[in-house]
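Residues per chain, in single letters:
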Amino acid sequence: MSQPGWEIIVDGQRLYGQKGQTILEVMLQNGMDLPHICYHPNLGPIQTCDTCIVETEGGLLRACATRIAPNMVVNTTSGNAKDARVEAMNRILHNHQLYCTVCDNNNGNCVVHNTTEMIGISHQKYPFEPKPYKPIDDTNPFYRYDVNQCILCGRCVEACQDLEVNETLSIDWSLERPRVVWDGGVDIGESSCVSCGHCVSVCPCNALMEKSMLGEAGYLTNIPADTLKPMIEFVEDIEPSLPPVFKLSDIESTMRQSRIKRTKTVCTYCGVGCSFDIWTKDRQILKVEPTYEAPTNGISTCVKGKFGWEFVNSPDRLTSPLIRRGDKFYEASWEEAYQLIAEKMTAIKQQYGPDAFMFIASSKASNEEAYLLQKLARNVIGTNNVDNDSTYCQDPATYGLRTTVGYGGDSGSIHDMEKADLIMTIGSNTAESHPVWATRVKRAHKLKGTKLVVVDIRKHEMAERADVWVKPKPGTDGIWILGLSKYLVDQGWIDRKFLTERVDGVDDYIESLAPYTLEYTAQMTGIPKETTVKVAEMIHEAHAMSILWAMGVTQQRDGSETSLAISNLLLLTGNFGRPGTGGYPLRGHNNVQGASDFGAKPHFLPGYQDPSDDEVRARFKKVWGTEIPKNMGVNNQELTGEILKGRIKMLYVVGEDTALVDADANQARNAFSQLEFMVVQEIFMTKTAQYADVILPASPSLEKEGTFVNTERRIQRFYQAMEPLKGTKPDWIILQEVAKHLGANWPVYRHPSEIMDEVAQLTPLLAGVRYDRLEGYHTLQWPVAPDGTDSPLLYIDRFHKPGGKAQLTPMSFVGPSQEAEKFDLHINNGQLLEHFHEGNMTYRVRGIEHLVPEVFVEVSKELAMERNLKDGMMVRLVSPTGSVKVPVLITDRVSGHELYLPMNSRGEGAINNITGTGIDTRTDTPAYKETVAYMEILDEEAPNKSPLPRYNWRFHKRHPQLGVQVEKKWRRRDYIPLVTTPAGKNQPLEEDDHGSAHH
């Protein structure tokens, strides 16, 4: 329900706003500008700069922080208001050396520059004075801080403390000359900074800048230091004093627009789907600039999205088709490669039939490319043997949701996190695997009092922050959820009205919970009864609960059953179909959701349509002109076995490193060596590409256009920022050309939008998806009706099941597999914040490699003491399927005989060399999280050196506080207030909410 509208009068003009809005918000939404520096729509009022002061009946007030009242009269042009704003700006310039013409931040969007001009400063009242500190801190690999350019607006602090909630930055107001400090006063490179880039993105000047921008943006900025310093002093002397000269910087800024290209793109790492503008100069990436418009992330980024794009220009890029002859690859022309592919594929099809082929789509390529690959498989070859990375990670979550509520995707959006009273994460290292999603959880927890329950065997950041950390025995999450559910039933703390009206199978499900008493649950999971009761009480008290889960759940033999249990728990408590409620399986890759949505699955056509359905088959035949196969195809997990049995002869891989990510990587590589023919489309020579017969050099997302689907079901466009590297082609073009050489009668797709139009024609789930509806930062969350109406929140009125009711589904657990007693260590595995999966992209980013240069295994202090382990000591972990060799890192993030080995391939530490053969009982997803091993110590005399550098953020303590603590500034003896409150007049309520905006 919308808030009542109020009318205010600003400079004689009537404006309309909503109760709770501030003067500045109402002015901006009505197209009236007002100087402001510290205010940012993603951060809310900070109240440090005083440049937005206006006059009201209450006196001089900050427009950014004063809530409107009915018929309020606001004057922005009075002499008192103007004088206050000029004084405020002069105080700011006392802290800022103004040399815009030779500044890399002079790109038309410098807030300090623009506000100085807007206020009309023609002469600095208070000359700039350098601060008595080391002027530059460049100890972070990605950005630097210039203390003499810092105006102490506090935007960076607000962003760090209350948006990212990493809680590293503050302003030390007690100093004679206050300054921004990291962890109380250490160098950035020795702090808890996670290089998320929030601070840099919100800085209104050049105090915090990306190192990639320095000396690169302007025509006059790439000047040697000994020349630049006197030039700055010269410009600073004359520029603010003479408006005509000041305009020179505007001219220089305008000139830059011709060589700096700003392109909207979507992040190519995790499934959160952050979008932002990327600045390029030819092929040089200058910076990533997130924007308020971005629907998922707003101004938020993580270290990878903000700074992790260097791989695009890596010298390791493949730039020519390669053909294997014997044990070596030789460069070939595209036509030669296509001819060989066509000859081999045609011969294999003739000899062995269409089901001798397997196609693997990329979870990092576009939706349109996934669609074309599955079309190549089904329409040209005639097989349903096509899959993507979701079999390795998220199929169990999809199964659980499809079985209970209908759609196999998140039931709401990231914005539901701020509307929940209780958020529970299960098997999700959210702060490192999905860091921008985690910012929303941390923010709701810190600022809005949202309760946080974290269920995980490892003490990561989210567990440290939780109100309740639930630590189950490995593989018993589902049993605990059933025990929790039974206790809720026994207490009468379930939503009977919701269940009666909207859910089937209630009585049978409740009856199936009978064995899961508190005693039994505690015995099986190791979770004390008191903890289960506490969480049940929190659920009972919450009006809206959301549950997030990830690979800690899905990569178990009971992954599907546990996902069912999670969805059932939400149904029992009525937590679907309302804002702040629902189930959120957090997808791993940027487009693993989209690859499945667009048909790269062996048992689903695009839009999860059944290939055996006659109506569906007729629709596809009409458009494609051929029959499609009915039989169930082979999935990724079955692939290796099918090759070794001689059934799969040819493998076509687009952008997946299957030789590293398969559950038994050793067996997979053995199988690939036995294929008759293998084609790989890639940007690097991956482990998988090394087994190919033909390698086709592809283009990453910055070199093409298309769409991705993020974990929220959100379809987003990305645009081409640079031309494909010479010798490479986008996957959607390569696949068309391969199909053409195979004799396919496809239309000529001149642009990915034409592919999307074909998908919409075939797929009811995506019927209203068109590129014009996705222009810029506009997005659609499926299902999308033909008229373009999308579905941000599912199940408001009905579930996507027959009759519109959800289905509570009983289940049974098989439990973790049992190995011989000698395998006495449990090897947990997962993401690191800095690196993505095997590291094919992130190890090619120098700054990320600096932060985490090598793989390591986390061992507990107890195990280290038991086995005389030291940091850096090399050990071999031996599992039933293989071994790895890694250095030890001793930490309290793990306990007992539980170890943590991150997923990356540096050195001899690739986790999939030791993962086992167990699979989820419903979807064949490998049980990666059930890996067991024993340890061999390789070098007892090794030096005591941490494999993770001590400057890494994990070794440093955060310094939480609420925002910038501007009250400390106001209490300083040298602060003279500009805000007034005349005696006898009531001052309108000032906004004190931190981060009041919706992102």
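Residues numbered from 1 in each chain as written. Predicted model: local features only at pLDDT ≥ 70, side-chain atom pairs only at ≥ 80, totals over all residues. Heavy atoms only, no water.

A.B. asks: Whenever I open this one, empty space enclosed by the protein confuses me. Can you help?
C.D. replies: A probe matching the size of a water molecule, rolled over the atoms, marks out where space remains unfilled. Counted by the stated rule, this structure contains 11 cavities of 30 Å³ or more. Volume-wise, the largest cavity comes out at about 600 Å³. In terms of lining, the largest cavity is formed by 46 residues, of which the most central are Lys364, His589, Gly655, Glu656 and Glu838. Elements supplying a minimum of two residues to the lining of the largest cavity: helix H11 (390–393), helix H26 (658–661) and strand S25 (677–682). The residue inventory of the lining of the largest cavity, partitioned by class, reads 20 nonpolar, 17 polar and nine charged. What the second largest cavity holds in volume is close to 280 Å³. As for the second largest cavity, its lining consists of 25 residues, and the residues nearest its centre are Gly427, Asp456, Gly552, Asn828 and Lys929. Broken down by element, the lining of the second largest cavity gets its largest block of residues, four residues, from strand S31 (residues 825–830). (1 Å grid on protein atoms, 1.4 Å probe; cavity = no way out; pocket = protein on both sides within 12 Å on 5 of 7 lines; lining within 4 Å. Points joined across faces, edges and corners; volume = space filled by probe spheres on them. Helix = DSSP H or I, 4+ residues; strand = E, 2+ residues; numbered from the N terminus. Nonpolar A, V, L, I, M, F, W, Y, C, P; charged D, E, K, R; others polar.)

A.B. asks: How should I be thinking about the sheet that holds strand S24 (residues 650–654) in this particular structure?
C.D. replies: The strands that make up a sheet pair up through hydrogen bonds in the backbone, lying either parallel or antiparallel. Spatially, the seven strands line up as an open sheet ordered S15-S14-S26-S25-S24-S16-S17, and their pairing is mixed. With partners counted over all chains shown, the strands left at the sheet margins are strand S15 (328–331) and strand S17 (386–387), one partner each. Sheet topology note: the strand S16 (residues 357–360)/S17 ladder contains two bridges and is parallel. Residue pairing for S17: Phe359 is matched across the bridge by Val386. Contacting S16, S17 and S24, helix H10 (residues 367–381) crosses the sheet at an angle of about 160° to S16. (Pairing = 2+ DSSP bridges. Contact = heavy atoms within 4.5 Å. Axes fitted to C-alpha atoms, helices over the stretch in contact; angles between N-to-C directions.)

A.B. asks: How should unusual backbone geometry be read in this particular structure?
C.D. replies: Keep in mind that most residues, glycine aside, have a negative phi and that most peptide bonds are trans. In the segment running from Trp782 into Pro783, the intervening peptide bond is cis, with an omega of 0°. Summarising the element assignment, Pro783 is placed in the loop between strand S29 (780–781) and strand S30 (806–807). Positive phi outside glycine occurs at Tyr608, with the angle close to 60°. Relative to the helices and strands, Tyr608 resides in the loop between helix H23 (592–597) and helix H24 (614–624). In the Ramachandran plot, His837 falls in the positive-phi region, its phi being about 50° despite a non-glycine side chain. Looking at the secondary structure, you find His837 in the loop between S31 and helix H30 (846–851).

A.B. asks: Help me understand the sheet that holds strand S3 (residues 53–56), please; the structure alone is not making it clear to me.
C.D. replies: Strand order in the open sheet formed by five strands is S2-S1-S5-S3-S4, and the pairing between neighbours is mixed. In the strand order of this sheet, the two ends are held by strand S2 (13–18) and strand S4 (59–62), each with one partner. Geometrically, the sheet is characterised by an average inter-axis angle of 40° between neighbouring strands, direction not taken into account. In this structure, strand S1 (residues 5–10) lies alongside S2, joined through six bridges in antiparallel fashion. Each residue of the ladder has a partner; that of Ile9, found in S2, is Arg14. Sitting on the sheet, helix H2 (residues 79–94) is in contact with S3, S4 and strand S5 (73–75), with an inclination near 160° to S3.

A.B. asks: Even after reading the chapter, I still don't get the nonpolar core, so can you show me in this structure?
C.D. replies: Generally speaking, a soluble globular protein has its nonpolar side chains buried in company with each other. Grouped together as the largest cluster of nonpolar side chains are 153 residues, with contacts concentrated most on Phe359, Leu376, Met424, Tyr652 and Leu696. Every residue in contact with Phe359, bar those within four places of it in the chain, is listed here: Met345, Leu373, Leu376, Ala377, Ile381, Thr383, Asn385, Val386, Asp387 and Tyr652. Residues Met89, Cys156, Val157 and Phe307 belong to the second largest nonpolar core, which totals 59 residues. (Core = buried A, V, L, I, M, F, W, Y, C linked by side-chain atoms within 4.5 Å. Buried < 20%, exposed > 50% of the residue type's maximum accessible area, 1.4 Å probe, protein only.)

A.B. asks: Please clarify how the packing of aromatic side chains should be interpreted in this entry.
C.D. replies: Two aromatic rings are characterised by how far apart their centres lie and by the angle between their planes. Scanning all chains against the criterion turns up 27 aromatic pairs. Consider the rings of Tyr516 and Tyr520, whose centres lie 5.8 Å apart with planes at 70°: the pair is edge-to-face. On the basis of relative accessible area, Tyr516 is assigned to the buried category, the value being 11%. An aromatic cluster is present here, built from Tyr407, Phe498, Phe576, Phe604, Tyr608, Trp782, Tyr795 and Phe799 joined pairwise through their rings. (Phe/Tyr/Trp six-rings, centres within 6.5 Å; stacked < 30°, edge-to-face > 60°.)

A.B. asks: Which parts of the structure should I look at to understand the pattern of salt bridges?
C.D. replies: If you walk through the whole model with that rule in mind, you get 50 salt bridges. Here Asp187 and Lys134 are joined by a salt bridge, their closest N and O atoms 3.4 Å apart. Of this pair, Asp187 sits in the loop between strand S9 (179–182) and helix H5 (198–202) while Lys134 sits in the loop between helix H3 (111–119) and strand S6 (136–137); the two residues are 53 residues apart in sequence, bridging distant segments of the chain. Look at Lys134 and you get partly exposed, because its relative accessible area is 48%. Put simply, Arg465 and Glu167 hold a salt bridge, and the shortest N to O gap is 3.2 Å. Of the two residues, Arg465 sits in helix H15 (residues 461–465) while Glu167 sits in the loop between helix H4 (155–163) and strand S8 (169–172), which places them 298 residues apart along the sequence. For Glu167, a relative accessible area of 7% gives the class buried. Taken together, the salt bridges that share partners define one network made up of Asp162, Glu167, Lys442, Lys446, Glu461, Arg465 and Arg958. (Salt bridge = Lys/Arg side-chain N within 4 Å of Asp/Glu carboxyl O.)

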